Structures are given as C-alpha cells and as structure tokens.
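# Structural overview for review
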Protein chains: 2
Amino acid sequence: MPAARADGAGKSGPTLEQVAARAGVGRGTASRVINGSPRVSERTRSAVQAAVAELGYVPNRAARALAAGSMDAVALVVPEQENRLFAEPYFSEILRGVSAELGDTDMQLLLTLIRDQRGRERFAQYAAAHRVDGVLLVSVHGDDPLPDLLREVGMPAVLGGRRSHAEQLPYVDSDNLLGAQLAVEHLLGRGRRKVATVTGPPDIYGARCRLAGYHAALRAAGLESAPPDADDGGFPADGPLVVQGDFTEEGGHRAMRELLARDPEVDAVFCASDVMAAGARLALREAGRKVPEDVALVGFDDSAVARHMDPPLTTVRQPIEEMGRAMVRMLLDLMARAREDPPRTPSGTAGAEQQPRLVLPTELVRRSSS
Amino acid sequence: MPAARADGAGKSGPTLEQVAARAGVGRGTASRVINGSPRVSERTRSAVQAAVAELGYVPNRAARALAAGSMDAVALVVPEQENRLFAEPYFSEILRGVSAELGDTDMQLLLTLIRDQRGRERFAQYAAAHRVDGVLLVSVHGDDPLPDLLREVGMPAVLGGRRSHAEQLPYVDSDNLLGAQLAVEHLLGRGRRKVATVTGPPDIYGARCRLAGYHAALRAAGLESAPPDADDGGFPADGPLVVQGDFTEEGGHRAMRELLARDPEVDAVFCASDVMAAGARLALREAGRKVPEDVALVGFDDSAVARHMDPPLTTVRQPIEEMGRAMVRMLLDLMARAREDPPRTPSGTAGAEQQPRLVLPTELVRRSSS
DNA sequence: CGCATCGATGGGAGCGCTCCCATTTCAGCG
DNA sequence: CGCTGAAATGGGAGCGCTCCCATCGATGCG
C-alpha cells in the first residue's frame, strides 16, 4: 500500500487552501488577508493570521509567480570583466545596500555575474522573457547594449553609474566631479602648485567626470584657463600634468613614472582611484620621493587599500551602500509604476517622460598622504 | 481599437503549447525534447528545436517550478556580522567560483545576506518551505543553528568552512592547519627563533586550526613539547607568545602591543589574518620595530591589504574561488541524490552515511615582510 | 417596508509546465 | 498472419496561487 503521498521529499508546507480551511474562510479571502487587501473584516483577518501562524504557512513563490505573472525577484547584474577592475569594497557595499533595502520587501535578490558575451545574451534573453521583475545594473560600460535592450523589452532597470552625461535610463550616481574637485582644491589649499592627475579609462563616464573636476578646481584657482564646456568632455584628456591610467595598480605606477619624467617638479597627484594611487605611491618610492613631504597624494573610492597604504591615503569617499539602497528604491518605484501604467510601445510617448535620476554627494576623507 | 493584445507589458514569450503546435507535436513531446529526454525520435527532436529557435521560446521558470516541485535555484547565505570581519576578497572570490560553476547549469543564484536574528528565522522558514533546492552556507559560526535546521528539513546544504573537526554536514574547507604550519616553518627557516602568533576568535574552527598549525611547526622544530592531541584543540590558546585577536585590525594592533610588552625579543609574528597583520604592523611601527629586519610578519588569506602593505605581506593563500566551485559541485551532487533517493526521516538510516567533504590545500605566498 | 448599494466573501478559471497514463505504431516472433 | 511488447506520442490532471465574478448580507434611502 503506497503511502498516501511519498511525502517528506521536496514537498513544502501547508497550502493556502489548508490555511483557509483552518481559518474557516474561503481561499480567496485567505489570499486577500495574506496580501494585505483592505477589503477584509477585522475578525476574518485575525482568524486567517492565526491559522497562518499555527500552520507555519509560507506562500509558494512559484505558484504565486505563475498566477500573478510577476516573479517577485530582481536581478543584480554584475559584469565581471577580466581585469576585475571593479571589486573590493565597491561590490560588497552595493550588495549590502541592495540587500538591506530589499530585506524590507519580500523580493528575492538574484545575482548574475556576466562573464562573457554568451552570458550577456543569456541574461538578455532571460530578462526579455520577464523572468525577473526588475534589474539593477552596476558598473556598466559606455558601450554596453544591455541597458537599452532591457528598455526595449519594457523591463524596469536602474543603473549604478551613468554611461554618459545625458544618460537616458534611470540611474543613481555619485558626484564624481565635485568629489574630484574637492580633492584637488584640498591639494591646492595645502599650498601645492604643480598638481597632476592620473585619470581612469576615458570610456568610463565617471572617470571623465573626475578629470573634469580636476580641471574645474584648477580653473577656479586661476591655474588654468577656462575650458570649452561644463562638466563633461571638452577637456584635454592629456596634457603636461594629465596622464591616462586604467584603474589598475600597474597603470598607476606607469602613469606616475611618466608624470615624474615629464615634470620632476610635480608636488601633488590626484589619482582617479585608490588602486592607481597605490601604484603611483610605489613609483614615487622608487623615485625617492616622500609622501606627503615631496609629493602629496590623493585617491578616489576610499577602498581598503587607502586605509592600509603608508602613509594612509587621503581619498574621496562615495556613499556606495546608500547608492545601492537608492537604486533599489528607485527600481521598486519603477516596477510599481510599470504595474499600473499601460507600458505601451517604447516610441509611444515620444520618450518625453523624465526618467528618475539621483546623484549622491561625495566627500573628502583626509589622511596623511596629503 | 485596442491592439489584439496589450502586449509589450509584463507578458512573456511563447508557451510550450505554442512551440508544440508550431512543431506539429504534442505538448508532452515538446516538453520531452526541451528537457532532453531520450524517448524522442530524432526527427521530432529537431522539429521541436527548430520551433524553439524560431519562436525564441524560453521556458517559464515559475510554471516549471510549480509543476515539478523544484525551484531550480540555490541560495548562497552570507551572515553579515556587525564587524563585517568577513569581507574583502573572500566573499567576491567565493561568489566568482559559485557563479562560474553555476553558470553551466541553468540554476539560479539567490543571494541572501543575513543581518540579524529575524533574518535568520526568515531564511530558515523560507528554506523549510523548500523555496530553493539547495543552500550554500558560508562563514558559519560554531554555534549557528541554521545548518542543523536545514538538515532536519531535508534541505541539501554545503558549508564553506567547518564548524568543528567532526563537522556532520557536507563541507568544503581549506587546509588551515597546514597553511599555518607552512607559514611558521617559513619563519623558522629564516632563522627566527621567537615566533609569536596572533590568533583569531577561538569559536571559529578555522582560527583554531591556524593556531594548531603554529604549534605543530614549533613542535616539529623542537621548540615546543608535544601537545595533547592532533589537529584540533588541545593547545593552550594562550601563552607567552600566543595572544588572541579577533580578526580585526584593531585587535591585531592590540595583540601586537601585548606581545611586545610580554617579550620584547619577539622576532617574528604569525597573524591568523592579513587584517590583523595590518594592525600588528602598525603597532610595530609605533614601537619603532622594522619589518622584516627586527620582526618578520606573516599573515593569512592573501587579501588585498597583504599586497598593499609596506612592506608587502607574506601570507597564506587559500584557493577561495575553487572552494566556491567545489561547494557548488558538491551541492549539485547532493541535490541529485536527494532527488533519486527517498529522503526518509533523518533518524532513518541512523546517520551512518558518510557526508561528502573536501579540504583544499593552502599555499604560502612569500613577500618582503619576512 | 421594499429596493438599490456596497462591503465582504466564496470559489471557478486558469497561469505554463511536468508527470504519467492511455493510445498509437511498428517491428519481431511463433 | 495474428499477437506481444517496446518505442513514440498525445493530452488530462493537477501544482498553489491570484484574479475576478457571482453571491450574500447588511445598510441606507425613498
């Protein structure tokens, strides 16, 4: 005699039906209580809640997703570039923020590391098939097609960091320009006069902003003539005191040597990332320059390396965790909106709608390298 | 006139039914092809595959999960302790490994950061309700109830790091003992004679192993008498040259000062983590001791700080990414087994079954701090 | 006091898929 | 040439839930 049911295996707990029965109400009513519908009497509500507690009921996500057509899940997509330029604290912090903010909802966090083209396509298809309700994109390159693709299939998405000044998608970014400006002003305020900079890759918008901030500070101090335009582009990406790095330590090292060769009088360097500052610091040591006596050094990111460098590195801190939280809030908002609105074809409203955007402040962290 | 279908919204692509129709077969057959069942003729198979390609069909996970009773998802659970002792490279590396290995299956990765008791209960309930097919637990404390709870509800789980020498659950760990032993032997080989150690919290098994390795090396060199027992406990957690740290930089700093106070002759220190080594390095600098001339320093983990310390820190590297991969492989294996076997009540087979376990080798990374 | 209203409730109809049983087909065999 | 069994296939029965419509009262008003 086969057991009534080969239970114990993958079977889960009680069903809504059972909860309803136990509470002496109908399935629909029980569902209403569980989903917080207001159209339920107080008596009924508590009866159902009691039944839920007694039975230890946990709604079946798959069933809910299938019936409701939403997945109650958002994906955090992280492109995992070869050079893993994007690592260290940034990722953990974002995750912390995202997770914290998501913890209040009962939304799932799906993590997707995209390693290669194949992975990208796979995810694109996955998203196009609406297997998640929203997407958080972090560390997106200027030429990444994924964001627009998501937009086309009507999948709510929020970027962490813009791809350009006129980013079309909703985003949360930090004020890279002002942060860089603060850093350079700080250097200038310390009496430094030959302030150089090691930039990041020019195809990353944030890196361009940091360079723009550098120029802005110099200009404000009257050390450089007015530039073509505002906060983007328009600046010489190169020049006697501007050397391009690539966000790696090795790149910082190389750039610093180049700088020293170009002008031995350099007395301060603003590096667009802490990691590059570490490389620069090495080059300075090799050249017998003391930090900060001979050359003051400032980084960007306030990553772990900054605290552990010798001397500890002055740097610019971004509210990364808060960025994560803000991204989630923004995404949840978009998702709610998408649920209500009839998301007509992209070209519908002629794209006149204003996408939400948020730029968080950065702050200078003074340590002894400057 | 409303479009035949207010499409573009949350609706996903074609259904199995449509694929089947297109291929001119029945739903069951189409399903069989998609799930790789062998009981399908070659002709039919290719017909269905063509239809899938043409329609861009992507199976609906929710429906599949509901019908099949499995979720095609595993959770990676990360306790997020206050002190975030567990951060930096470890987490990213584990994630990289997990993600890479999971990328080959079409299993989803659900990330769960557990912040507090409430979060723990929430996840426990979630798992008990079988909302995932397997769980990866990382950085588990000795007294964490979660693992046993998972075991009770028959949820396949793999630990990253044991809780004790006789861990009952499947686990992947690294050879902490041998790594520590290598480190200390290295110090001894460099002619150091007063080798001290800064330990981690004693309630973490890995930390105890590192201490045991320290003792083992000293003993092998005849610098310490034979201890009570093998590779676990049995050693004095304290002693003239053994000071307890807590895996934090501040703790390492404090411990090093204590060490210097106890015995100014100390000429080498093995710290059970790089971060503590950073703290120790600071204390040494404050005390005017040079590294490595006066005191040689070795850490553990090969985290980012190690490379950026001055001088760069000799340390012990664990194959963390590989641990992540191994955990996934082990978990998938357990899941497959659970699917076949009738997972009877825990007490069933008297727990005589051998749980899979794996201990990966560690390696010494020599830098200039020793 | 009867009828229109509105809130509260019960429960049918699927959501898209897997499982599994019934059916069909066909080769092999006595 | 009819019979048996294996292989291939079709399609019903749900999985547990949300949606939505029909129902049932109770309330308010003419």
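Residues numbered from 1 in each chain as written. Chains lettered and ligands numbered in written order. Predicted model: local features only at pLDDT ≥ 70, side-chain atom pairs only at ≥ 80, totals over all residues. Heavy atoms only, no water.

## Digging into the protein's contact with DNA strand C
Around DNA strand C there are 26 residues in total, and Gly26 and Thr44 of chain A together with Leu16, Arg27 and Tyr57 of chain B lie nearest to it. For DNA strand C, the backbone portion of the atoms within 4 Å of the protein, that is sugar and phosphate, comes to 60%. Here a phosphate oxygen of DNA strand C and a backbone polar atom of Asn60 of chain B are 3.3 Å apart. Sorting the residues of the surface near DNA strand C by element identifies α2 (27–34) and α4 (61–68) of chain A together with α2 (27–34) and α4 (61–68) of chain B as the ones contributing at least two each. (Near = heavy atom within 4 Å. Polar contact = N/O pair within 3.5 Å; in protein donor to acceptor, adjacent residues only side chain to side chain. Helix = DSSP H or I, 4+ residues; strand = E, 2+ residues; numbered from the N terminus.)

## Observations regarding the protein's contact with DNA strand D
Among the 26 residues in the neighbourhood of DNA strand D, the closest are listed as Leu16, Arg27 and Tyr57 of chain A together with Gly26 and Thr44 of chain B. One of the side-chain nitrogen or oxygen atoms of Arg32 of chain B is found 2.9 Å away from a base oxygen of DNA strand D. Its residues assigned to classes, the surface near DNA strand D shows 10 nonpolar, 10 polar and 6 charged. (Nonpolar A, V, L, I, M, F, W, Y, C, P; charged D, E, K, R; others polar.)

## Things to note about helix α9 (residues 205–220) of chain B
Working note: α-helix, 3.6 residues per turn, so residues spaced by three or four point in the same direction. All names here are of chain B. An ideal rise of 1.5 Å per residue puts 22 Å on 16 residues; α9 measures up with 22 Å between its terminal C-alpha atoms. Burial of α9 is extensive: 13 of the 16 residues sit out of reach of the surface. Count one or two residues on from α9 and you reach Gly222, which has phi positive near 75°. (Expected span 1.5 Å × (residues − 1). Buried < 20%, exposed > 50% of the residue type's maximum accessible area, 1.4 Å probe, protein only.)

## A look at the interface of chain A and chain B
At the interface, 48 residues of chain A touch 49 residues of chain B. It is Arg96, Arg131 and His308 of chain A in chain A that bury the most area against chain B; as a group they hold 14% of the surface buried on that side. Taken together, chain A and chain B are joined by 2 salt bridges. Linking Arg285 of chain B and Asp310 of chain A is a salt bridge whose minimum nitrogen-to-oxygen distance equals 3.7 Å. Across the contact surface, chain A and chain B share 14 residue pairs in polar contact (both at pLDDT 80 or more). Of all elements in the fold, only α4, α5 (88–102), β2 (108–114), α6 (117–128), α11 (274–286) and α12 (304–308) of chain A reach the threshold of two or more residues within the side of chain A that touches chain B. In the side of chain A that touches chain B, the residues fall into 23 nonpolar, 11 polar and 14 charged. (Contact = heavy atoms within 4.5 Å. Buried area = accessible area lost by both parts, 1.4 Å probe. Salt bridge = Lys/Arg side-chain N within 4 Å of Asp/Glu carboxyl O.)

## What to know about the relation of the copies chain A and chain B
Least-squares fitting of chain A to chain B yields an RMSD of 0.2 Å, with the transformation described by 0.2 Å of translation along the axis and a rotation of 180°. Each copy turns onto its partner about a two-fold axis. When the interface residues of chain A are mapped onto chain B, 98% of them again lie at the interface, so the same face is used by both copies. (Least-squares fit on C-alpha atoms with pLDDT ≥ 70 in both.)

## A word on the domain arrangement of chain A
How big an interface is tends to be expressed through the accessible area that disappears when the partners come together. Domains assigned within chain A are domain 1 (16–68), domain 2 (73–173 + 321–338) and domain 3 (176–227 + 237–317). Computed over C-alpha atoms, the centres of domain 1 of chain A and domain 3 of chain A are 59 Å apart. (Domains from an automatic or database assignment.)

## Regarding the state of the cysteines
All names here are of chain A. Under the counting rule described, the total for this entry stands at 0 disulfides over all chains. In this structure Cys209 is a free cysteine whose sulfur lies 18 Å from that of Cys271, the closest cysteine sulfur available. On the basis of relative accessibility, which here comes to 4%, the residue Cys209 falls in the buried class. (Disulfide = S-S within 2.5 Å.)

## Comments concerning unusual backbone geometry
If a residue is not glycine, its phi is most likely negative; likewise, a peptide bond is most likely trans. A cis amide bond links Asp310 of chain A with the next residue in sequence, Pro311 of chain A, at an omega value of 0°. In this fold, Pro311 of chain A is placed in the loop between α12 and β10 (315–317). The amide bond that connects Val291 of chain B to the next residue, Pro292 of chain B, takes the cis arrangement and shows omega of 5°. Looking at where Pro292 of chain B falls in the secondary structure, it is placed in the loop between α11 (274–286) and β9 (296–298). In this structure, Asp301 of chain B is a non-glycine residue whose phi angle is positive, near 125°. Locating Asp301 of chain B in the fold gives a position in the loop between β9 and α12 (304–308).

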